[in-house]
Amino acid sequence: MLNIALPKGRLGDKVYDMLASIGYDCPGYYEQNRKLVFESPEKNVRYLLVKPSDVAIYVEHRAADIGIVGKDILLENQSNVYELLDLKIGKCRMAVAAPDGYVEDPDRTLRVATKYVNIAKDFYSGRNRDIEIIKLNGSIELAPILGLSDVIVDIVETGNTLRENHLSVLEEFKDISARFIANETSFKFENEIISNMLSKLGEQVK
Ligand code: PRP
Ligand code: MG
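Everything numeric here is computed off the predicted structure, so don't read it as measured data. (Residues numbered from 1 in each chain as written. Chains lettered and ligands numbered in written order. Predicted model: local features only at pLDDT ≥ 70, side-chain atom pairs only at ≥ 80, totals over all residues. Heavy atoms only, no water.)

Okay, the overall build of the protein chain next. Counting its regular elements, the protein chain contains eight helices and 11 strands. For the protein chain, buried positions account for 43% of its 206 residues. The contacts of the protein chain with a sequence gap of at least 6 include a subset with a gap of at least 24, amounting to 66%. Total accessible area on the protein chain is roughly 11,200 Å²; 46% of this is exposed by carbon and sulfur atoms. In the protein chain, the 26 positive side-chain charges and the 32 negative ones have mean positions that sit 2 Å from each other. (Helix = DSSP H or I, 4+ residues; strand = E, 2+ residues; numbered from the N terminus. Buried < 20%, exposed > 50% of the residue type's maximum accessible area, 1.4 Å probe, protein only. Contact = heavy atoms within 4.5 Å. Areas by Shrake-Rupley, 256 points an atom, 1.4 Å probe, with all protein chains shown as cover. Lys, Arg positive; Asp, Glu negative; His and termini not counted. Charge placed at Lys NZ, Arg CZ, Asp CG, Glu CD.)

Below is the structure:
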């Protein structure tokens, strides 16, 4: 049985639909309940619904054979997994944003709020900019509004969250999308089914 880690939520449902349409459907997936595991012995697959930021951990530790995860999380955690296909869904950009009209003071340490500590450090080290990171776990846009930080580093999709909180993008620096990943062992020993998925998914990717 191939264990597939799906990010719980909208992206996971979209990926499930793609996999179901190429023959890896699973009874009961859309029955709304609190179940986290769905399996189809006939199709030889088992879906695990995990927190999006944990997908690569399951795959890396071989609790799952494959998974679908945002490139943002792969970059942040430097996960040791094979990145096999860009599904070109869940597209967004990694960006620096600040309150509308913000002007940076280059002589002061820049306070950066983010859940992407490593990505932010990496970005500013390339700029030789002194920063202080404030690690948050969500609602990052609140930080500069309350003076907790000067700027934020976060993903932007539609831009609605920024707009509705009177922030603007200063710079977009990385395109993000969902990636199909596997661990080395599963890729070797479950190669037939994984390769079949990859080639069929590849045909759907625009
Ligand atoms: C994400 C992200 C942005 C927003 C971007 O937050 O952190 O806040 O979505 O999307 P938009 O440009 O379409 O508005 P999410 O809703 O996942 O919540 P969280 O940050 O509180 O985890
Ligand atoms: Mg957010």
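Now, onward.
One finds Ile4, Leu6, Leu19, Tyr47, Leu87, Phe180 and Met197 to be the most contacted residues of the largest nonpolar core, which totals 29 residues. Secondary structure elements with two or more residues in this core: strand E1 (2-7), helix H1 (10-21), strand E3 (45-50), strand E4 (66-70), strand E11 (178-182) and helix H8 (191-204). With five residues, H8 is the largest single contributor of residues to this core. Ignoring anything within four residues of it in the chain, the contact list for Tyr47 reads Ile4, Leu6, Tyr16, Leu19, Tyr24, Cys26, Leu36, Val37 and Phe38. Listed in part, the 14 residues of the second largest apolar core include Leu110, Ile119, Ala120 and Val151. (Core = buried A, V, L, I, M, F, W, Y, C linked by side-chain atoms within 4.5 Å.)

Looking now at the site of ligand 1. By nearness alone, every residue bordering ligand 1 is listed as Lys115, Gly138, Ser139, Glu141, Asp154, Ile155, Val156, Glu157, Thr158, Gly159, Asn160 and Thr161. Backbone polar atom of Ser139 to an oxygen atom of ligand 1: 2.9 Å apart, as the coordinates give it. The side chain of Thr161 places a nitrogen or oxygen atom 2.4 Å from an oxygen atom of ligand 1. Relative to its unbound accessible area of 500 Å², ligand 1 is 66% covered by the protein chains. If one sorts the elements of the shell around ligand 1 by residue count, strand E9 (residues 151-156) sits on top with three residues. Partitioned by chemical class, the residues of the shell around ligand 1 number two nonpolar, six polar and four charged. (Near = heavy atom within 4 Å. Polar contact = N/O pair within 3.5 Å; in protein donor to acceptor, adjacent residues only side chain to side chain. Nonpolar A, V, L, I, M, F, W, Y, C, P; charged D, E, K, R; others polar.)

What follows concerns the UniProt feature "domain: ATP phosphoribosyltransferase catalytic" (unreviewed entry) in the protein chain. Under the local residue numbering, the UniProt record ascribes the feature "domain: ATP phosphoribosyltransferase catalytic" (unreviewed entry) to residues 51-201. Structurally, residues 51-201 comprises 32% helix and 32% strand, and the distance from its first C-alpha atom to its last is 23 Å. (UniProt positions renumbered as here; feature names shortened; annotations may be inferred.)

Moving on to the domain arrangement of the protein chain. Split into domains, the protein chain comes out as domain 1 (2-90 + 177-205) and domain 2 (92-174). Look at where the C-alpha atoms of domain 1 and domain 2 centre, and you get two points 30 Å apart. In this assembly, five residues from domain 1 lie in contact with 10 residues from domain 2. Around 630 Å² of area is buried between domain 1 and domain 2 when both sides are counted, 51% of it from carbon and sulfur atoms. The largest per-residue losses of area from domain 1 upon contact with domain 2 belong to Asp72, Leu75 and Glu76, which jointly make up 74% of the total buried on that side. Linking domain 1 with domain 2 are zero salt bridges, by the criterion used here. Each residue belonging to the side of domain 1 that touches domain 2 can be placed in one class, and the counts come to one nonpolar, one polar and three charged. (Domains from an automatic or database assignment. Buried area = accessible area lost by both parts, 1.4 Å probe. Salt bridge = Lys/Arg side-chain N within 4 Å of Asp/Glu carboxyl O.)

Okay, the side chain of Asn183 next. Considering the arrangement of structural elements, one finds Asn183 in the loop between E11 and helix H7 (184-189). Polar side-chain contacts of Asn183 include one of 3.1 Å to the backbone oxygen of Ala64. Setting aside anything within four residues of it in sequence, one finds Asn183 in contact with Val59, Arg62, Ala64 and Asp65.

A cluster of basic side chains, namely Lys8, Arg34, Lys51, Lys115 and Lys135, defines a positive patch on the protein surface. Take Lys51: it is sitting in the loop between E3 and helix H2 (55-60). Among the residues examined, Lys51 registers a relative accessible area of 53% and is labelled exposed. (Patch = residues over 30% accessible without salt bridge, like charges linked within 9 Å, V, L, I, M, F, W, Y side chains within 5 Å.)

Attention now goes to the packing of H1 against H8. At a closest axis distance of 10 Å, the pairing of H1 and H8 adopts a crossing angle of 110°. Looking at the two axes, H1 sits roughly perpendicular to H8. For H1 against H8, the interelement crossing comes out right-handed. On H8, the residues that touch Met18, Leu19 and Ser21 of H1 are Met197, Leu201 and Gln204. Taken together, the residues of the contact of H1 with H8 sort by class into four nonpolar, two polar and no charged. (Axes fitted to C-alpha atoms, helices over the stretch in contact; angles between N-to-C directions. Parallel < 35°, antiparallel > 145°, perpendicular 65-115°, else oblique. Left-handed = near helix turned anticlockwise from the far one by under 90°.)

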